[in-house]
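So you can see what is in the structure, the chains are spelled out below.
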Amino acid sequence: MKKIMLTSFTLSLVLIGCSDTESDRQSQDSPMNNNHMRGEDNDNRGMGGMNNRGMGGMMNQGNIPALESSSGINELMIPPVLEKQQGEDFDYEVTAQEGSTQFFAGIPTDTYGYNGNLLGPTVRLQEGESVDVKITNDLDEPTTFHWHGLEVPGEIDGGPHGEIQPGDSQIITLEADQPAATLWYHPHVHGTTAEQVFKGLSGMLLIDEAAGSDSELPDDYGVDDIPLIFQDRLFDEDQQLNYNRLMNFDGTLGDISMVNGTINPKLTVTKSVMRFRLLNGANARNYTFRLSNGASFTQIASDGSLLDEAVETDTLTLAASERAEIVIDFSTMTDEESLAILNDEGAELLPFDVVLDDSPAGSTEMRTVDEPFLSEQEKAMPVTKEIELFGMADMVTINGKKFDMDRIDLRQERGVTEVWEVYNRPDMMGGMIHPFHIHGTQFKIISRDGKETEPNEQGLKDSVLVEPDERVKLLVTFPEEGIFVFHCHILEHEDNGMMGQVEVY
Ligand code: C2O
Ligand code: CU
Ligand code: CU
């Protein structure tokens, strides 16, 4: 068992540049960079096969719009925790609805949200808990409610089969029969997923450790346990999220960074040891996070579980839909220092305003894990399912085919473990990263090109970044029956048919 104890000491105020005003924000802002729109980006990749995950994007950075640094004028919005209903025949209610958000002073932007104008409340379940959730579609178009990473039966998974028509509701039972993790929820209508997410439909879904766990982690939501939803957005000249005009077939990228829906965020922190739950909620962008002072931080969780052992690192790459939990120790900072989370190109995504108080020293202690991440027998299992990812733009396929809701591509028996090998076949231009995601399961990565899984991926996963020409072996078990999709989580690739179906029987 690895044990990390972090002690705190008091720091005086550290001020981080935050002098911009709302009007500055606005005059600086004419995000009209549409250079990467459809048709103009066909040389947008290359560097295929370059196999350094730490370097992040791997696509040719030239045509990826750089993110603007946060000016830090807005305190980060923390999504509220979804409250339990009293006296109803369901526990929680989640409604997809239209709204309006003031990203820019005085200008309303049309957005979508769950139970609000933008994004959604954080759904919190305990390990083992089962709740009834009323889902309602108040939009003018069909939507679905997909619980990304939750191992639920196909019927209520909210994939493309689970359309809810405008005005309709349904009550479903969600069971958190899996380890504590940072999951999320979003729509999944075939053909309009990317647009609905782009307009604001996403929320966090947390599974908390059941009482009695021997781990000790910051878990005071919004205080020392902070959700961070990273997204990039492109606005038109009217500051609207005009998807049809702005979209890119290879994934809509923007120059405006938002965290939890906040543009130009800063986070005031008062604790020495803080836990952050990072979600790459972008349509397509890969993020490589680091701290502005170069310090290391501690990764404690992957997509679907805590890691077996905490990992010290100074960079962390997440492809679209991947999550990680990290712990940052602010106690080592001096008065003069400022700190921010940066992406790989150096843009400040989230500056911190560090105001340490006399709160007791925090500690981070991982739970005890007795078994190795993979047994010898698991490592030696033969490949029984092969997946080939190929293409770009609207020419994307899995195993040479585009998605067909009436076609079952694979079948796997419930509870039976199989090895899936996912190969990202490069094209003449080199190819591009595809984040591969499977519904209804939390899998383990057995190997990448035959090489053992890195320590920071030795936890359960539901999405995996696959480099061009890379072969990734996954150990996959489905605990529930039904039809589940698997797909590239670049949402435009998914909408363009880079998706297949597995029937679990
Ligand atoms: Cu994030 Cu098919 O889902
Ligand atoms: Cu999913
Ligand atoms: Cu893709």
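Above this text you will find the structure in question.
Residues numbered from 1 in each chain as written. Chains lettered and ligands numbered in written order. Predicted model: local features only at pLDDT ≥ 70, side-chain atom pairs only at ≥ 80, totals over all residues.

**Digging into the nonpolar core**
A general feature of soluble globular proteins is that nonpolar side chains tend to end up buried together.
Then comes step 1: If you look at the biggest cluster of nonpolar residues, it comprises 123 residues, and the most contacted ones within it are L205, L228, F230, L278, I300, I326 and L474.
Then comes step 2: In contact with L278, not counting residues within four places along its chain, are L228, F230, F289, L318, R323, A324 and I326. (Core = buried A, V, L, I, M, F, W, Y, C linked by C-beta atoms within 7 Å. Buried ≥ 20, exposed ≤ 12 C-beta atoms within 10 Å, placed from the backbone. Contact = placed C-beta atoms within 7 Å.)

**Thoughts on unusual backbone geometry**
Then comes step 1: At N115, a residue that is not glycine, the phi angle is positive and equals roughly 55 degrees.
Then comes step 2: Using a count of 20 C-beta atoms within 10 Å as the deciding quantity, one classes N115 as buried.
Then comes step 3: A positive phi angle, close to 50 degrees, is found at A393, a residue other than glycine.
Then comes step 4: Residue position: A393 is located in the loop between β24 (383–390) and β25 (397–398).
Then comes step 5: The exposure class of A393 is partly exposed, given the 18 C-beta atoms found within 10 Å. (Helix = DSSP H or I, 4+ residues; strand = E, 2+ residues; numbered from the N terminus.)

**Examining the sheet that holds strand β27 (residues 418–425)**
Then comes step 1: If you trace the six strands from one edge of the open sheet to the other, you get β25-β24-β27-β32-β29-β30, paired in mixed fashion. Of all the strands in the sheet, the pair left with one neighbour each is β25 and β30 (451–452).
Then comes step 2: Here seven bridges tie β24 to β27, and the two strands are oriented parallel to one another. When the bridges of β27 are listed, I387 appears paired with V422. (Pairing = 2+ DSSP bridges.)

**Side note on the sheet that holds strand β9 (residues 181–186)**
Then comes step 1: Spatially, β5-β10-β9-β7 is the arrangement adopted by the four strands of the open sheet, whose pairing is mixed. In the strand order of this sheet, the two ends are held by β5 (123–126) and β7 (146–148), each with one partner. Between one strand axis and the next, the sheet turns by 25 degrees as a mean value, whatever way the strands run.
Then comes step 2: Two strands pair when backbone bridges link them, and β9 and strand β10 (residues 203–208) are joined in this way by five bridges, in the antiparallel orientation. Across the sheet, W184 pairs through a bridge with M204, a residue of β10. (Axes fitted to C-alpha atoms, helices over the stretch in contact; angles between N-to-C directions.)

**Considering the environment of Q97**
Then comes step 1: Mapped onto the secondary structure, Q97 falls in strand β3 (residues 92–104).
Then comes step 2: Taking the C-beta count within 10 Å as the criterion, Q97 has 18 such neighbours and is therefore assigned partly exposed.
Then comes step 3: When the C-alpha atoms of Q97 and T136 are compared, they prove to be 8.7 Å apart, with 39 residues separating the residues in sequence.
Then comes step 4: In this view, Q97 contacts G113, D138 and L139; residues no more than four positions away in its chain are not counted.

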